[in-house]
Amino acid sequence: MKTPSDIETVYARLREWYRQVPGRLVLQAERNQLDALLPSFAGKRIAQLGCLGESTLLACSHIPHRIVIDKGVDAPDVGPDVYAQADALPFDTESVDVLVLPHTLEFEDDPHGVLREVNRILAPEGHLIMIGFNPWGLWGLWRLVWKRRGGTPWCGCFLGLSRLYDWLSLLDLRVVHTHYFFFRPPLQSESLMRALAFLEVPEGRWWLPISGLYLVVAQKRVAAVTPIRLRWEEEIRPRVPDLCWVEPTASGINHGR
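Residues numbered from 1 in each chain as written. Predicted model: local features only at pLDDT ≥ 70, side-chain atom pairs only at ≥ 80, totals over all residues. Heavy atoms only, no water.

Draft legend 1. Expanded view of empty space enclosed by the protein. Tallied over the entire structure, the rule returns two cavities of 30 Å³ or more. Estimated volume of the largest cavity: approximately 80 Å³. Surrounding the largest cavity, L101, H103, T104, L105, E106, M130, I131, G132, L159, L164 and Y214 form its lining. Here the lining of the largest cavity is composed, by residue class, of seven nonpolar, three polar and one charged. Counted as a void, the second largest cavity has a volume near 60 Å³. As for the second largest cavity, its lining consists of Y11, L49, G50, I69, D70, K71, A84, Q85, A86, T104 and E108. Residue classes in the lining of the second largest cavity are distributed as five nonpolar, three polar and three charged. (1 Å grid on protein atoms, 1.4 Å probe; cavity = no way out; pocket = protein on both sides within 12 Å on 5 of 7 lines; lining within 4 Å. Points joined across faces, edges and corners; volume = space filled by probe spheres on them. Nonpolar A, V, L, I, M, F, W, Y, C, P; charged D, E, K, R; others polar.)

This is the structure:
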């Protein structure tokens, strides 16, 4: 099990990876995805759990109160608003309308525990947005080669979508959208990566599961409560006397005399 300092070291290395190629191009692709998606969500509070390569990925959100949460920082320009452990967030229950998790689950010892904590602070009908590395595409093959060397991001636990869907279902979080993106292999040559930009074809024209990344949106479901009338309520409810209809007569209305 990783110690807190080990996890902070991993996150520091991940932020450094995002400043280089291919991480810089990945970060741009992730920002583009969120810029197109976040304006469609409303609420009072949105939070990003993890700094990654920059302080915020929430710039295009229309939600007024934006919070970046992280457990450590290696440079002042990527400082979070709140320092906290991912499985012990200092927020009231059901107090955040939208939560963005960019690769947060992949570098935690207990990702399911993090999801439980995230579900706790997520408001009813609120949305959870997760970005992850796809373990079954080209990036998954690269990870098989580089994992033993301890490099970043290959040291993380890439989560398959079926596993993630199971966890979300257990927490009563309903998946409402899944999107595959970034189809280029993780090469360190920027010129070659840009030459392969033609691989970023529109969705539906490619074999999607080989993508390097995926984005999943889930919504917190709230069970409808059907009120049950108790028997004692029926007994004490006042009875309204029956009303009778009196037919009018030819000379006027008969008042019952």
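There is more to say after this.
Draft legend 2. Representation of the pattern of salt bridges. Across all of its chains, the model carries nine salt bridges by this definition. The closest approach of N and O atoms between E16 and R19, which form a salt bridge, is 3.1 Å. As a salt-bridge pair, R184 and E200 come within 3.0 Å of each other at their nearest N and O atoms. One end of the pair, R184, is in the loop between β6 (173–181) and α6 (190–195); the other, E200, is in the loop between α6 and β7 (213–220), and 16 residues separate them in sequence. Overall, the relative accessible area of 10% leaves R184 in the buried class. Put simply, R24, E190 and R194 are held in one network by salt bridges that share partners. (Salt bridge = Lys/Arg side-chain N within 4 Å of Asp/Glu carboxyl O. Helix = DSSP H or I, 4+ residues; strand = E, 2+ residues; numbered from the N terminus. Buried < 20%, exposed > 50% of the residue type's maximum accessible area, 1.4 Å probe, protein only.)

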